[in-house]
Amino acid sequence: MHEVSLSLQLAAAVSRAARGRQVRVVYVAIGALRQVVPEALEHAWVFTVRGTPLGAAELDLDLLPAVLTCDECGADTKLGPELGFGCAACGSAATRVVSGEQFTLTAIDIDIEKGTCDGTFPPT
Ligand SMILES: [Zn+2]
């Protein structure tokens, strides 16, 4: 269950970014090669934030496909579950993973009315 530790790390990062403000939605981009099970992460998140200031925050997961690029012909190959690591265009094995290993906190939605931020900047 590495989703539990991912969830704890995510909650820590969101807390730092929110600085006490009410968080509504947490947007995360996850590459296919991270082998994160979205349902398991959402489940872990609910238990991680229950009873904390992040208790009302929902996860919005954006699952990104893994992509290989070919050093021989330059073509990109989207990696499916049934495919190997060869180039789909020329069959070369000289490929590199260029996408799919992300685990990125991309944005958070803050509820301004319930938070301490009154819309002025910098916040006081
Ligand atoms: Zn190729």
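Everything numeric in this text was worked out from a predicted model, so none of it was measured.

Peer 1: Please provide a residue-by-residue account of the pairing of strand 1 (residues 22-31), values included.
Peer 2: The buried fraction of strand 1 amounts to seven of the ten residues, a majority that puts the element mostly inside the structure. Where strand 1 lies against strand 6 (residues 103-111), eight bridges are found, and the strand directions are antiparallel. Its bridge partner lying in strand 6, Ala 29 is registered against Thr 104. Inspection of the sheet shows strand 1 paired to strand 2 (residues 58-64) by seven bridges, in the parallel sense. Pairing of Val 28 across the sheet is with Leu 61, part of strand 2. Read as a crossover between parallel neighbours, the route from strand 1 over helix 2 (residues 38-49) to strand 2 is right-handed.

Peer 1: Give a description of the pattern of salt bridges that names residues and reports values.
Peer 2: Counted by the stated rule, this structure contains one salt bridge. The shortest N-O distance in the salt bridge between Asp 71 and Arg 96 comes to 2.8 Å. One end of the pair, Asp 71, is in the loop between strand 3 (66-70) and strand 4 (76-79); the other, Arg 96, is in strand 5 (residues 95-99), and 25 residues separate them in sequence.

Peer 1: Any chance you could break down the coordination of the zinc ion for me, citing the residues and the numbers?
Peer 2: The zinc ion binds to the protein through Cys 70 (SG), Cys 73 (SG), Cys 87 (SG) and Cys 90 (SG); the donor distances cover 2.3 to 2.4 Å. Coordination at the zinc ion comes from four donor atoms whose angles at the metal span 107 to 115°, giving a geometry best classed as tetrahedral. Written as a sequence motif, the donor arrangement for the zinc ion is C-x2-C-x13-C-x2-C. Placement of Cys 73 in the loop between strand 3 and strand 4 and of Cys 90 in the loop between strand 4 and strand 5 is noted, with a sequence separation of 17 residues between them. Exposure remark for Cys 73: the relative accessible area of 41% places this residue in the partly exposed category.

Peer 1: I'd like a rundown of the packing of aromatic side chains, residues and numbers included.
Peer 2: Under the counting rule described, the total for this entry stands at zero aromatic pairs. Taking the ring centre of Phe 47 as reference, the NZ or CZ of Arg 50 above it sits at 4.9 Å.

Peer 1: For the sheet that holds strand 2, give the residues involved together with the corresponding values.
Peer 2: Reading across the sheet, the three strands line up as 2-1-6 and stay open at both edges, with mixed pairing between neighbours. Two strands lie at the open edges of the sheet, namely strand 2 and strand 6, each paired on one side alone. Averaged over all pairs of adjacent strands, the angle between their axes in this sheet comes to 20°, without regard to strand direction. Here helix 1 (residues 2-18) sits on the sheet and contacts strand 1, strand 2 and strand 6; the angle it forms with strand 6, its principal contact strand, is near 45°.

Peer 1: So what's going on with the sheet that holds strand 3? Which residues, and what values?
Peer 2: The strand order across the open sheet formed by three strands is 4-3-5, and the pairing between neighbours is antiparallel. With partners counted over all chains shown, the strands left at the sheet margins are strand 4 and strand 5, one partner each. Going across the sheet, the axis of each strand differs from the next one's by a mean of 35°, ignoring polarity. Summarising the sheet, strand 3 and strand 5 pair through four bridges and their orientation is antiparallel. Opposite Cys 70, over in strand 5, you have Thr 95 as the bridge partner.

Definitions and cut-offs
Residues numbered from 1 in each chain as written. Predicted model: local features only at pLDDT ≥ 70, side-chain atom pairs only at ≥ 80, totals over all residues. Heavy atoms only, no water. Buried < 20%, exposed > 50% of the residue type's maximum accessible area, 1.4 Å probe, protein only. Helix = DSSP H or I, 4+ residues; strand = E, 2+ residues; numbered from the N terminus. Pairing = 2+ DSSP bridges. Right-handed = clockwise from strand over helix to strand, strands pointing away. Salt bridge = Lys/Arg side-chain N within 4 Å of Asp/Glu carboxyl O. Donors = N, O, S within 2.8 Å, 3.2 Å for Na, K, Ca; no water. Tetrahedral: all angles 85-135°; square planar, octahedral: opposite > 155°, others 65-115°. Phe/Tyr/Trp six-rings, centres within 6.5 Å; stacked < 30°, edge-to-face > 60°. Lys NZ or Arg CZ within 6 Å of the ring centre and 35° of its normal. Axes fitted to C-alpha atoms, helices over the stretch in contact; angles between N-to-C directions. Contact = heavy atoms within 4.5 Å.

The values reported here are purely geometric and, on their own, carry no functional implication.
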